[in-house]
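# Topology and contacts: notes
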Amino acid sequence: MTEQVKGISLPAGRFQAIISHCKEYGFIFPSSEIYDGLQAVYDYGQMGSELKKNIRDYWWKSMTQLQDNIVGIDAAIFMHPTTWKASGHVDNFNDPMIDNKDSKKRYRVDHLVEAYSDELRAAGQEAKADEVIAEMERLLAKDDFPGLKKLIEDNKISCAISGTCNWTDIRQFNLMFSTEFGSTVSSEDEDNKVYLRPETAQGIFVNFLNVQKSGRMKIPFGIAQVGKAFRNEIVARQFIFRMREFEQMEMQFFIRPGSQKEWYEKWKTTRLEWHKSLGIPAEKYRFHDHVKLAHYADAACDIEFEFPMGFKELEGIHSRTDFDLKQHQEYSKKKQQYFDNDIDPATGKPYGNYIPYVIETSIGLDRMFLAVISHAYEEQDLSLPAAEAGQPEKSDSRVVLHLPAKLAPIKLAVLPLTKKDGLPEIAEQIMKDCRGEFRCFYEEKDSIGKRYRRMDALGTPFCVTVDHQSKEDQTVTIRHRDSMLQERVAISDLKRIVLESIA
Ligand code: ATP
């Protein structure tokens, strides 16, 4: 569904409409837009920050409050630089890159080949597209850079800017941002170099023992965290799908060595259920098992989502073995062990001391935002055929966000029919009664029809209209966003109706 421009997928059609909608209605703005923006960095506006917070809260609640054995932390973005040596990020957090000699533009090899395969698919050459991807995965798994370059050349994959196939050799490029600590130090000084964390996971690993001891946690248990991560992504495109500054929602689940297969399967199921609990249909999701495993993993998969540009990674589930804790033990010279006094049925003795294994679930908050909003977005034709409208045919349309009510930025819009006759006073009283429970919005400008449309575009599940009858019998009209059906309800029932829908 993307438009192909010489090997690069650009947002097209529906995707472009969603991006424009996000800006027009205060969901997402390009960062520092008055200076023409900053590539792959975005700001969330008045509606977007609410929606994002609601997604974050929904994840946090289900991963901590609703679990017996998972607690949350909030670690700093800066960490001791040795953390990233130990984790392997200094040496291994690289992506194979290739530069076009004519345009001087740099590409991530997998993105270049994926864009080409998208192009093949768009041209109906499914089989060839699958073949190219399979070959790329095979070569990536072996770090066969000459082979990958040959794949690019043999398929005449060209640069979007220059249009040529004049490529450099493939090299690795580290994705971490760095800065320095202290004011008098030169930027060359490696000792003072600190990194902006490229993932939140390491903040959890280095606090494993602090949390285990202070929280008296017994294995199996988990530590969850939501926070910013930074990656110097080279091909930063596709809106908030791939950003340089983004937010991750991660959970590390510490388990007994040997039980990782069972827990890996359990977390795969649990996480997919979480996604489905939002009412998004199951066919929008699929698992993708990794062929090339990261240096720390013994099994890994992605939950992919059907974004407007096709199925792409939304969440990663990784069986990380004891790699990270072991590395931190070695680099810090501090034991990262747990004493398990449960009895091992095989030996009849306690399991004793070990470094726990870890299953990780890792989802991008911004990607989840994109999944939710792109699924919710609909341009609806509401035209009435001549027979129903009375001659002539009446054309009408609306843009509606079918957001799950619990995620919607505004839950209830309170709209007095007119600005006089005591109606605003009744509406203000409703606001007063409800705003402590959930987010409400008051609007008295414009016609009711226009106000409904605006609320549809923001994804507000309920609008109530206060009219003259409200004065007589303490009732209002409540309008349901998706069906547009309206019904008369008692003002005293409003709070309950909305609360039930977001429970
Ligand atoms: P990709 O292959 O798309 O670069 P990844 O496999 O490097 O992603 P992980 O390191 O597993 O991603 O990170 C976990 C999650 O963090 C991803 O599933 C994704 O939702 C999110 N994420 C990673 N990189 C970015 C980014 N640059 N912008 C937005 N979200 C990201």
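Residues numbered from 1 in each chain as written. Predicted model: local features only at pLDDT ≥ 70, side-chain atom pairs only at ≥ 80, totals over all residues. Heavy atoms only, no water.

### Details of the overall build of the protein
- Counting its secondary structure elements, the protein contains 17 helices and 25 strands.
- In the protein, buried positions account for 51% of the 503 residues.
- Taking the intrachain contacts of the protein between residues at least 6 apart in sequence as the baseline, contacts between residues at least 24 apart amount to 65%.
- Working note: accessible area of the protein is about 23800 Å², and carbon and sulfur atoms make up 49% of it. (Helix = DSSP H or I, 4+ residues; strand = E, 2+ residues; numbered from the N terminus. Buried < 20%, exposed > 50% of the residue type's maximum accessible area, 1.4 Å probe, protein only. Contact = heavy atoms within 4.5 Å. Areas by Shrake-Rupley, 256 points an atom, 1.4 Å probe, with all protein chains shown as cover.)

### Some points on the packing of aromatic side chains
- Applying the stated criterion across every chain, the model contains 17 aromatic pairs.
- Both rings, one in F208 and one in F254, keep their centres 4.7 Å apart while their planes meet at 35°; by these two values the pair is tilted. One end of the pair, F208, is in helix α9 (residues 208-214); the other, F254, is in strand β12 (residues 245-255), and 46 residues separate them in sequence.
- For F254, a relative accessible area of 0% gives the class buried.
- Between the aromatic rings of Y338 and Y354, the centroid separation amounts to 5.9 Å while the plane-to-plane angle is 55°, which identifies the pairing as tilted. Of this pair, Y338 sits in strand β16 (residues 338-344) while Y354 sits in strand β17 (residues 349-354), placing them 16 residues apart in sequence. (Phe/Tyr/Trp six-rings, centres within 6.5 Å; stacked < 30°, edge-to-face > 60°.)

### Describing the sheet that holds strand β7 (residues 106-108)
- In space, the three strands of this open sheet follow the order β7-β6-β8, with antiparallel pairing throughout. Each end of this open sheet is capped by a strand with a single partner; those strands are β7 and β8 (171-174). Adjacent strand axes in the sheet meet at a mean angle of 50°, parallel and antiparallel pairs treated alike.
- Where strand β6 (residues 94-99) meets β7, three bridges bridge the pair, whose relative direction is antiparallel. Residue pairing for β7: M97 is matched across the bridge by R108.
- Taken strand by strand, helix α5 (residues 109-122) contacts β6 and β7, and its axis lies near 80° from that of β7. (Pairing = 2+ DSSP bridges. Axes fitted to C-alpha atoms, helices over the stretch in contact; angles between N-to-C directions.)

### Describing the nonpolar core
- Counting residues in each nonpolar core, the largest one holds 68 residues, and the members touching the most others are F27, I55, W59, M368 and F369.
- Here this core takes eight residues from helix α12 (residues 365-376), the largest share from any one element.
- Two domains each provide a minimum of three residues to this core, namely domain 1 (7-79 + 194-376) and domain 3 (410-502).
- With residues near it in sequence (within four places) discarded, I55 still touches M249, L365, M368, F369, V372 and L407. (Core = buried A, V, L, I, M, F, W, Y, C linked by side-chain atoms within 4.5 Å. Domains from an automatic or database assignment.)

### Section: the pairing of β12
- Burial analysis of β12 places 10 of its 11 residues in the buried class, which makes it a mostly covered element.
- Two strands pair when backbone bridges link them, and strand β11 (residues 221-230) and β12 are joined in this way by 10 bridges, in the antiparallel orientation. Note on β12: the bridge partner recorded for V226 is M249.
- Looking at chain direction, β12 and strand β18 (residues 357-364) are connected through eight bridges and run antiparallel. Paired with F254 across the two strands is V358, which belongs to β18.

### With respect to the packing of α5 against helix α6 (residues 126-141)
- As a packed pair, α5 and α6 sit with axes 7 Å apart at the nearest point and diverge in direction by 165°. As the angle between them shows, α5 and α6 are arranged roughly antiparallel. Crossing hand, α5 versus α6: left-handed. Listed contacts from α6 to D110, V113, E114, Y116, S117, L120 and R121 of α5 are E126, K128, A129, D130, V132, I133, M136 and L140.
- Classifying every residue of the contact of α5 with α6 by side-chain character gives eight nonpolar, one polar and six charged. (Parallel < 35°, antiparallel > 145°, perpendicular 65-115°, else oblique. Left-handed = near helix turned anticlockwise from the far one by under 90°. Nonpolar A, V, L, I, M, F, W, Y, C, P; charged D, E, K, R; others polar.)

### A few points about the site of the ligand
- Around the ligand, 17 residues are found, and the nearest of them are E233, R242, M243, E313 and L314.
- One of the side-chain N or O atoms of R231 is found 2.9 Å from an oxygen atom in the ligand.
- With respect to the ligand, the backbone of L314 contributes an N or O atom lying 2.8 Å from an oxygen atom.
- For the ligand, whose accessible area on its own is 590 Å², the fraction buried by protein is 86%.
- Looking at the shell around the ligand, the elements with two or more residues in it are β12, β15 (310-321) and β18.
- Broken down by element, the shell around the ligand gets its largest block of residues, five residues, from β15.
- Tallied by class, residues from the shell around the ligand come to five nonpolar, five polar and seven charged. (Near = heavy atom within 4 Å. Polar contact = N/O pair within 3.5 Å; in protein donor to acceptor, adjacent residues only side chain to side chain.)

### Focus: the domain arrangement of the protein
- Parsing the protein into structural domains produces domain 1 (7-79 + 194-376), domain 2 (94-174) and domain 3 (410-502).
- Summarising the inter-unit geometry, the C-alpha centres of domain 1 and domain 2 are found 28 Å apart.
- A combined buried area of about 1300 Å² lies between domain 1 and domain 2, and 54% of that area is made up of carbon and sulfur atoms.
- Here E233 and R108 are joined by a salt bridge, their closest N and O atoms 3.4 Å apart.
- Taken together, the links from domain 1 to domain 2 amount to two residue pairs in polar contact (both at pLDDT 80 or more). (Buried area = accessible area lost by both parts, 1.4 Å probe. Salt bridge = Lys/Arg side-chain N within 4 Å of Asp/Glu carboxyl O.)

### A closer look at the sheet that holds β15
- Read across the sheet, seven strands follow the order β5-β11-β12-β18-β15-β14-β13 without closing on themselves; strand pairing throughout is mixed. Each having just a single partner strand, β5 (70-73) and β13 (285-289) make up the two edges of the open sheet. Along the sheet, successive strands turn relative to each other by an average axial angle of 25°, direction set aside.

### What to know about the confidence of the model for the protein
- The predicted model of the protein averages 92 in pLDDT, with 94% of residues at 70 or higher.
- Counting interchain partners and residues more than four positions distant, the pLDDT-below-50 stretch residues 1-10 has 32 contacts. (pLDDT = per-residue confidence, 0-100.)

### Let's talk about the side chain of T465
- Within the fold, T465 resides in strand β23 (residues 462-466).
- At a separation of 2.8 Å, a polar atom in the side chain of T465 contacts the side chain of Y452.
- Look past the residues within four positions of T465 in its chain and what remains in contact with it is L415, L417, I448, Y452, S470, V476 and T477.

### Some thoughts on helix α1 (residues 13-24)
- Over its 12 residues, α1 runs 16 Å from end to end, which matches the ideal 16 Å to within 8%, given 1.5 Å per residue.
- Listed in full, the buried residues belonging to α1 are F15, A17, I18, I19, H21 and C22.
- Against the buried residues of α1 lie β3 (28-30), α12, β19 (377-381), β20 (397-401) and α15 (448-458).
- Immediately downstream of α1, the backbone of G26 shows phi near 75°, a positive value. (Expected span 1.5 Å × (residues − 1).)

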